[in-house]
Amino acid sequence: MLVPRLFVALVASVGARAEAVQRSTYKEGADLVQPMFKALDLGSIKPLGWFRDQLELEAAGLSGNMFDFYRFVHDSKYLGGNTEYSGLDEASPYWFNGLVPLAFGLGDERITGQVKYYLDYLLDHQQEDGWLGWEITQATRGIWARNLLLLALIQYAEADPNETERIVDAMHRYVELAHSMLQNNFTGLIVHGNDTYDTAGFGVGRTHEMHIPLQWLLERYPRNNSQIIWETMDLMIEGGVVWGADWRTFWTDEAYPKVYDDNTPYDLSWVFLHGVNMAEGLRYPLSLYRNTGDQALKDQTRKAVDLLAQYHRSLAGTIIADEYISDLNPSRGAELCIAAEVLFSSAYIYQYLGDNDIADWAEQTAFNAFPVSVAADWWSHQYVQQENQPWARNLSTDQNWFDVNSYSNVFGLEPNYPCCTVNHPQAYPKFLANSWATTDGRTGLAHLFLVPGSVATTLGNNGENNVVQASANTTYPFGHTITYSVSADQPVDFYVRIPTWVNISKSTIDISSPTTTTSLSLSAASALASPRPIGPWGQGLLPLGIPPGTSTLSLRLSTTPRVESRANNTAALYYGALLYALAIDHDTEVLPPVAYRTEEVLPSNTTDPEGRTRDHFYTPKAGALWNVAIDPTQIKVVRRLADGTYAEHADDVLEVTEDELRNPVWDLGGPPVELRVAGVKIDWPVVLDTAADPGTFDVKPTGKPFAARFVPYGSAKLHMALLPVVKLDEVDFGL
């Protein structure tokens with residue numbers, strides 16, 4: 001484990017505090033930089049199709065039930081209980097931050113009842129000085145977990161107007177307290193003396209996480225308190241700078257460690273190397289940019305994305321870090337919390353930068369890195385995933401990884417630190433909430449992340465009220481067609497994001513409106529559309545002018561499988577937004593869930609009384625191959641027929657009906673479209689109880705070439721995604 005390098009001045013000087021306020025960037029709320037795409041209020045977007053199935057499974061699974069039994073939520077000190085897993089006191093705030101968007105996105109009364117109970121208890125027990133939570137001493141009062149509460153509260157306030165006023169009241173009382181604490185030697189942020197709330201320094205690495213809720217408060221409900229709100233944000237950042245956790249010093253070509261190990265020269269804080277911190281730290285420059293308008297911060301965000309993409313982003317879209325970054329080797333782990341935070345960060349960054357590859361990144365994470373680590377029924381999860389993961393069980397060693405145990409890729413209740421248990425629920429509900437957005441100062445509407453869903457909102461400004469309802473019926477990303485229905489009182493600028501992997505010249509859109517019926521190629525459709533200030537067609541936004549009334553649009557996206565070459569003569573395979581991996585049929589051993597610290601069986605008072613919280617070891621079935629090299633020049637797309645057999649799919653446009661998707665879809669065999677790839681068995685060594693990294697051994701075929709089965713990565717809980725490349729004789733695919 002890395003030893004944190006604590007750049008802490010135990011007594012922050014009065015001069016530093018004065019400087020923080022003196023350099024305040026204070027402006028009125030209306031002066032905050034506005035995003036290119038503005039998120040709709042929570043509850044405006046509802047899931048459809050397979051994505052609704054997923055949120056229903058989440059609600060019926062661990063996410064939606066831990067309130068009733070899991071000790072870090074059910075017995076949380078925030079609810080008058082006795083249990084927290086660390087001095088950060090972050091467990092149930094993480095849970096609350098994820099369950100609020102699940103409750104109101106899905107419209108689930110049971111989940112809404114849970115978050116309403118938590119809200120009532122939290123606000124009813126707000127302390128007289130404004131503190132949110134149970135802590136009463138300076139030593140235990142840490143600001144970090146309050147940021148999670150504030151994120152949940154602003155979502156709740158948007159979704160339920162009946163609660164808005166008292167939520168805003170509570171936020172203002174808390175902000176005034178936080179402002180006074182931070183003015184006093186950054187109390188609650190920087191640990192002093194006998195403080196116990198954050199001895200490692202996680203909070204100082206996440207100072208910007210207060211910006212999103214306070215910017216929301218500043219814009220919507222400032223209540224003549226704008227300067228205190230603004231100064232509180234400035235003080236948070238200044239405290240992080242004093243401690244040595246300024247992400248502006250890290251997201252640079254010079255400072256960023258391309259590879260990190262014990263021999264890497266590195267002079268900055270440990271907080272920058274931690275995968276979850278990095279996933280959240282991606283939001284740091286933009287959080288400050290909103291306040292200052294400094295273009296350099298916006299540019300640095302793009303730099304951060306590019307550095308991660310080149311050196312530490314996995315094939316599936318997450319950050320490879322276990323818990324610290326190292327390299328791109330496929331034996332390394334990637335923590336589930338990271339995928340959840342990357343999903344939120346990439347969506348947030350896309351709203352401001354508008355770069356199409358960043359939206360692709362969000363989808364890559366949503367459809368690959370996140371679901372592969374969550375059981376198909378949503379009742380268990382991994383702590384870390386591996387790109388090459390031939391088994392998921394208690395390994396004989398933890399030496400593959402920096403700071404996670406040998407149990408970490410088991411699918412269980414808490415296979416390692418419980419942060420992933422309580423934090424992963426936010427991923428899909430927030431992805432839904434960001435899938436549509438308004439544009440052009442709220443006069444336009446855009447479908448950004450192409451999952452099935454519907455939206456109802458009122459567009460317009462300066463007194464205009466254009467009531468708009470839209471729906472996207474699709475099996476995307478399993479199929480590549482989308483049918484839109486758009487109803488509007490007045491003309492509306494409607495946009496659809498077209499992913500970068502689409503072959504635009506072969507893609508089409510049919511438009512049926514009260515004024516016209518047209519069938520066009522995408523290039524022709526964009527040529528007919530009037531220019532929009534939102535950005536050029538080259539950014540991936542297809543602009544469509546929709547007249548009053550109801551219009552129907554049918555979008556057909558063309559693409560073919562893609563081969564991504566990697567180091568050591570290896571390759572990964574993609575088709576559309578999905579990463580494909582070698583499928584490994586597996587046996588399952590079901591075990592009682594164990595405690596993350598001791599690996600002793602957990603008592604019944606913290607597990608599901610119906611026995612659904614279990615740990616699962618997955619091992620390959622007898623004869624199932626994982627040690628395979630491929631010839632990516634020989635690939636066939638196949639789809640499942642009604643009788644369960646597979647036939648070749650030859651059309652460049654993949655049209656999949658809802659009936660073809662199994663539920664749960666993220667199970668082996670759930671998606672109906674697979675790849676067949678020429679492959680051959682090889683001698684593949686096992687090192688440290690996992691598959692050796694390519695490049696560390698010679699590739700020696702030991703059998704005859706065959707048609708290897710590749711499936712969407714998210715559905716393959718055991719998988720090999722980065723494989724050696726060999727040249728093989730032509731394979732008979734039997735199709």
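Here, every reference points to the structure presented above.
Predicted, not measured: the structure shown is a model, and the values here were computed from it.

### Quick look at the pairing of strand E7 (residues 444–447)
The two faces of E7 match: Gly444 and Ala446 on one face and Leu445 and His447 on the other face are all buried. As defined by bridge partners, strand E6 (residues 436–439) adjoins E7 across four bridges and the pair is classed as antiparallel. Across the sheet, alanine 437 pairs through a bridge with alanine 446, a residue of E7. Here E6 folds back onto E7 in antiparallel fashion, the turn holding four residues, of which aspartate 440 has a positive phi close to 50°. Strand direction decides the pairing type here: E7 and strand E11 (residues 492–497), joined by four bridges, are parallel. From the neighbouring strand, leucine 445 faces E11, where its bridge partner is phenylalanine 494.

### Quick word on the nonpolar core
Counting residues in each nonpolar core, the largest one holds 237 residues, and the members touching the most others are Phe96, Phe367, Trp436, Tyr484, Phe494 and Phe710. Residues in contact with phenylalanine 494, not counting those within four places in the same chain, are Trp436, Leu445, Ala470, Tyr484, Val486, Leu542, Pro543, Leu544, Ile546 and Leu553.

### Considerations on the sheet that holds E6
If you walk across this open sheet you meet the five strands as E1-E6-E7-E11-E14, and the pairing is mixed. Unpaired on one side and paired on the other, strand E1 (38–39) and strand E14 (541–546) mark the two borders of the sheet.

### Description of the packing of helix H7 (residues 144–159) against helix H9 (residues 211–220)
For any two helices packed against each other, the geometry is given by the interaxial angle and the distance between the axes. Axis separation between H7 and H9 bottoms out at 8 Å; the angle between their running directions is 40°. The orientation of H7 with respect to H9, classified from their angle, is oblique. The interaxial crossing formed by H7 with H9 has left-handed handedness. Residues Leu150, Leu151, Ile154, Ala157 and Glu158 of H7 lie in contact with H9, whose contacting residues are Ile212, Pro213, Leu214, Trp216 and Arg220.

### Here's the deal with empty space enclosed by the protein
One pass over the full model with this rule turns up five cavities of 30 Å³ or more. The calculated volume of the largest cavity comes to roughly 70 Å³. If you trace the largest cavity, you find 16 residues lining it, with Gly142, Ile143, Trp144, Tyr197 and Asp198 closest to the centre. Looking at the lining of the largest cavity residue by residue, the classes come out as seven nonpolar, five polar and four charged. Size it by volume and the second largest cavity reaches roughly 50 Å³. Surrounding the second largest cavity, Gln54, Phe370, Pro371, Val374, Ala375, Ala376, Trp378, Tyr428, Trp666 and Lys717 form its lining. Among the residues making up the lining of the second largest cavity, the classes are represented as eight nonpolar, one polar and one charged.

Reading the values: rules and limits
- Residue indices begin from 1 for each chain and proceed along its sequence in written order.
- With the structure being a predicted model, the display of local features is reserved for residues of pLDDT at least 70 and the display and counting of side-chain atom pairs for 80 or more, all residues being used for whole-chain, interface and lining totals.
- Hydrogens and water are ignored here; the side-chain numbers use all heavy atoms of the structure.
- Each residue's exposure class comes from its accessible area (1.4 Å probe, protein chains only) as a fraction of the maximum for that residue type: buried when under 20%, exposed when over 50%, partly exposed otherwise.
- In this description a helix means any DSSP run of H or I spanning at least four residues, a strand means any run of E spanning at least two, and both kinds are numbered starting from the N terminus.
- Here the rule is simple: two strands pair whenever DSSP picks up at least two bridges between them.
- By convention a nonpolar core is built from buried Ala, Val, Leu, Ile, Met, Phe, Trp, Tyr and Cys residues, the set being connected through side-chain atoms within 4.5 Å.
- Two residues form a contact once any of their heavy atoms are found within 4.5 Å.
- Angles here are taken between N-to-C directions and fall from 0 to 180 degrees, while the axes themselves are lines fitted to C-alpha atoms, restricted in helices to the stretch in contact.
- Relative orientations are named as follows: roughly parallel for angles under 35 degrees, roughly antiparallel for angles over 145 degrees, roughly perpendicular for angles from 65 to 115 degrees, and oblique for any other angle.
- Note: crossing handedness is left-handed where the near helix turns anticlockwise from the far helix by less than a right angle, and right-handed where it turns clockwise.
- Computed over the protein atoms alone on a 1 Å grid, cavities are sets of points where a 1.4 Å probe fits but cannot get out and pockets are open sets with protein on both sides within 12 Å along at least five of seven lines; a residue lines them when it has an atom within 4 Å of a point.
- Grid points are joined across faces, edges and corners, and a volume is the space filled by probe spheres set on the points.
- Three residue categories are used. Nonpolar comprises Ala, Val, Leu, Ile, Met, Phe, Trp, Tyr, Cys and Pro, charged comprises Asp, Glu, Lys and Arg, and polar comprises the others, including Gly.

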